[in-house]
Amino acid sequence: MFSSYIAVGDSFTEGLGDDLPDGRVRGWADFVAVGFALAAAKTTAEPVRYANLAIRGRKLGPLLAEQLEPAIAQAPQLISLNGGGNDIMRPKVSTVSVARQLEQAMDRVTGAGIHMLLLSGGNPSDHLPMGGLVARRGDELAAEVRAFLPRENATFVDNWADTGLRDLRYWSADRLHLNALGHARVASNVLTAFDVPVPPEWGVEEVAAAPDGPGARRTLDYYRRYVLPWIGRRLTGRSSGDGRIAKIPTLTPVDPATATPV
């Protein structure tokens, strides 16, 4: 059990795709914090504190430069890191370099006496234009990461290898980010890795047992709403995260009673 947890990363960790009615995004890391808090309530009076420093659109280098040291400075018991997804979507990338940055970040966190949760994102390639390229690069990065594991005081959760998570029912309308069901499944993978009970009200097992959904259809409206804006940002050097700040910048007590249902 961890009583303090900080998540660093990009849109996957920020929670993009799991949009709440009030305009906020939630995501798997929020679910994990709630799972920790629910488990802690049954065993100890100590509250669980949580922060989320993730910013959408960040490549791994800027992500680590902006978020890693501020996370370590707050001295949590657990830091999670996912990154590199935006790197492999660029025209050119060295998956070896991305993996090396992840390894160095892991050494920095564990060297500070903090447990490190390193996790991969789900594989969206079945539903994306040029999905074959994304799949090849993702497989290369996954192999590079697995090569330097396991490590002491670190846990790895391999969502890229979760074949069930590839089903379209777990993905949002843009087919690049998980929806609420997908984020809940990733949180379930994380909690299971730590032997923390997965709240049954999330419905993770029930959804996983259902038949696979239909395949993706890429319509003209899909390209207009999602693909063309993404290309436009790449051509102009803009990012979806420009001007954004962390949604939970400092460790904050988690109250499971206020959590929005899945």
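I keep staring at the nonpolar core and nothing clicks. Help me out?
Side chains of a nonpolar character, in soluble globular proteins, are inclined to be buried together. By size, the foremost hydrophobic cluster in this structure holds 36 residues, and its most contacted members are Y5, W28 and F36. Looking at this core, the elements that each hand over two or more residues are β1 (4-8), α2 (28-41), β4 (115-120), α6 (180-193) and α7 (204-209). Counting residues per element, this core draws most heavily on α2, at ten residues. Not counting the four nearest positions on each side in its chain, W28 is found in contact with Y5, F12, T13, S80, L117, L119, H183, V186, A187 and V190.

For this particular structure, what's the right way to read the layout of surface pockets?
Using a probe with the size of a water molecule, rolled over the atoms, empty space left in the structure can be pinpointed. For the second largest pocket, the calculated volume is near 660 Å³. If you trace the second largest pocket, you find 30 residues lining it, with R24, R26, D30, V34 and A259 closest to the centre. The set of elements that each furnish at least two residues to the lining of the second largest pocket consists of α2 and β6 (248-253). If one sorts the elements of the lining of the second largest pocket by residue count, α2 sits on top with five residues. Here the lining of the second largest pocket is built from residues that sort into 16 nonpolar, four polar and ten charged.

Just to check I follow, could you spell out the packing of helix α3 (residues 60-73) against helix α4 (residues 95-111) for this structure?
The angle between the axes and the distance between the axes are what describe a pair of packed helices. The N-to-C vectors of α3 and α4 enclose an angle of 5°; their axes lie 11 Å apart at closest approach. For the element pair α3 / α4, the angle class is roughly parallel. Between α3, through L60, G61, L64, L68, E69 and I72, and α4, the contact on the second element is made entirely by V98, Q101, L102, A105, R108 and V109.

What is the right way to look at empty space enclosed by the protein in this model?
This structure, assessed with the given rule, holds one cavity of 30 Å³ or more. In this structure, the largest cavity encloses a volume near 30 Å³. Along the walls of the largest cavity sit Y170, L181, A184, R185, W202, G203, V204 and V207, which together make up its complete lining. Listed by contribution, the elements that provide at least two residues to the lining of the largest cavity are α6 and α7. By residue number, the principal contributor to the lining of the largest cavity is α6, which donates three residues. Grouping the amino acids of the lining of the largest cavity by side-chain chemistry returns six nonpolar, one polar and one charged.

Cut-offs and rules
- Residues numbered from 1 in each chain as written.
- Predicted model: local features only at pLDDT ≥ 70, side-chain atom pairs only at ≥ 80, totals over all residues.
- Heavy atoms only, no water.
- Core = buried A, V, L, I, M, F, W, Y, C linked by side-chain atoms within 4.5 Å.
- Buried < 20%, exposed > 50% of the residue type's maximum accessible area, 1.4 Å probe, protein only.
- Helix = DSSP H or I, 4+ residues; strand = E, 2+ residues; numbered from the N terminus.
- Contact = heavy atoms within 4.5 Å.
- 1 Å grid on protein atoms, 1.4 Å probe; cavity = no way out; pocket = protein on both sides within 12 Å on 5 of 7 lines; lining within 4 Å.
- Points joined across faces, edges and corners; volume = space filled by probe spheres on them.
- Nonpolar A, V, L, I, M, F, W, Y, C, P; charged D, E, K, R; others polar.
- Axes fitted to C-alpha atoms, helices over the stretch in contact; angles between N-to-C directions.
- Parallel < 35°, antiparallel > 145°, perpendicular 65-115°, else oblique.

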